[in-house]
Amino acid sequence: MRPEREYAAYIFDCDGTLADSMPAHHESWVRALKHNGAEFEFSYQQMCDWGGMSPEETVSRLNTMHACSLDPEKVGADQAVYIAERLRQVKARPEVAAIARELAEKSPMAVASGGCRKNVLTTLESIGLRELFKVIVTHEDVVQSKPSPELFLLAANKLGVKANDCLVYEDSITGIRAAQAAQMDYILITS
């Protein structure tokens, strides 16, 4: 999990990578979908595989898959309310947090998350890592979220480093595709 070489900068995903928050996110998604009339199952694995997408894009994909017409903004807003209730209870992933603390002593770091800024900041504060990150970018800062490379490229730009001299820590396939598209090396964090 430690880098094999030194990089100019390190970019971390938040949920599932720095924070053990995916069960809380799944619970909030299931609750929001049911509240809005969804009659299908949104599995934990599917949610993890789609990690990094904006809430609206997630709902749009679910609508296509299940031939329904849930309101992406309404479901996303409900999910945001439900997850906000849980974020203060989220814990850090200790092995990733230790690496982040170690790397922060040597190099600039960023968080690039498909989540909303308010939730990412709350999560980072809850797990005691907020002060490590010079740059935080979320889906609100870009036109396209993961698997587009836009989040990672913006993070590298804000850090003032070349994309191909960044290492990404990511837990989702969607995020790995974004890192590859940005031509960044990556480490997949598994649960």
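It should be noted that the structure appears before, not after, this text.
Owing to the predicted nature of the structure, the values given are computational and were not obtained by experimental measurement. (Residues numbered from 1 in each chain as written. Predicted model: local features only at pLDDT ≥ 70, side-chain atom pairs only at ≥ 80, totals over all residues. Heavy atoms only, no water.)

### Quick word on the environment of D165
To keep things clear, this is the line we draw: Helix numbering and strand numbering both begin at the N terminus, where a helix is a DSSP run of H or I of at least 4 residues and a strand a DSSP run of E of at least 2. Summary of the burial criterion: residues with accessible area below 20% of their type's maximum are buried, those above 50% are exposed, and those between are partly exposed, where the area comes from a 1.4 Å probe applied to protein chains only. The contact criterion used is simple: two residues touch if any of their non-hydrogen atoms lie within 4.5 Å. Counted as a polar contact is a pair of N or O atoms within 3.5 Å, where, for protein atoms, one must be capable of donating a hydrogen and the other of accepting one, and residues adjacent in sequence contribute only when both atoms are in side chains.
Within the secondary structure, D165 sits in the loop between α7 (150–159) and β4 (166–170). Accessibility expressed as a relative area gives 25% for D165, which makes it partly exposed. Distance in space between the C-alpha atoms of D165 and A8 is 5.5 Å, their sequence separation being 157 residues. Ignoring any residue separated from it by four or fewer positions in sequence, one finds D165 in contact with R5, E6, Y7, A8 and A9. Side-chain polar atoms of D165 contact the side chain of R5, separated by 3.5 Å.

### Quick look at the packing of helix α1 (residues 22–35) against helix α4 (residues 72–84)
Basically, it comes down to this: Lines fitted to the C-alpha atoms define the axes, with helices restricted to the stretch that makes contact. Angles between their N-to-C directions range from 0 to 180 degrees. Should an angle fall under 35 degrees it is taken as roughly parallel, and over 145 as roughly antiparallel, whereas 65 to 115 is taken as roughly perpendicular and any remaining angle as oblique. Take the far helix as your reference; a near helix turned counterclockwise from it by less than a right angle gives a left-handed crossing, and one turned clockwise gives a right-handed crossing. Polar here means any residue outside two lists: the nonpolar Ala, Val, Leu, Ile, Met, Phe, Trp, Tyr, Cys and Pro, and the charged Asp, Glu, Lys and Arg; Gly therefore counts as polar.
Closest axis-to-axis distance for the α1/α4 pair is 8 Å, and the angle between their directions is 135°. By the angle between their directions, the pair α1 and α4 is classed as oblique. Taken as a pair, α1 and α4 cross one another with a handedness that is right-handed. Residues A24, H25, S28, W29, R31, A32, L33 and H35 of α1 form the contact with α4, whose participating residues are K74, V75, D78, Q79, Y82 and I83. Considered class by class, the residues forming the contact of α1 with α4 number 7 nonpolar, 4 polar and 3 charged.

### Considering the packing of aromatic side chains
Worth spelling out the cut-off: Pairing of aromatic side chains here covers Phe, Tyr and the six-membered ring of Trp, requires ring centres within 6.5 Å, and sorts the geometry by plane angle: under 30 degrees stacked, over 60 edge-to-face, intermediate tilted. Charge over a ring is defined by NZ of Lys or CZ of Arg lying within 6 Å of the ring centre and within 35 degrees of the ring normal.
A complete count under the given rule lists 5 aromatic pairs for this structure. Relative to F133, the ring of F12 lies with its centre 5.8 Å away and its plane at 70°, an arrangement referred to as edge-to-face. With F12 in strand β1 (residues 9–12) and F133 in the loop between α6 (117–126) and β3 (135–138), this residue pair connects regions lying 121 residues apart in the sequence. You can call F12 buried: its relative accessible area is 0%. By the ring-pair criterion, three or more aromatic residues cluster together here, those being F12, F133 and Y169. For R5, the ring lying beneath its charged end belongs to Y7, and the centroid distance is 3.8 Å. Above the face of the W50 ring, R61 is positioned so that its terminal group lies 5.8 Å from the ring centre.

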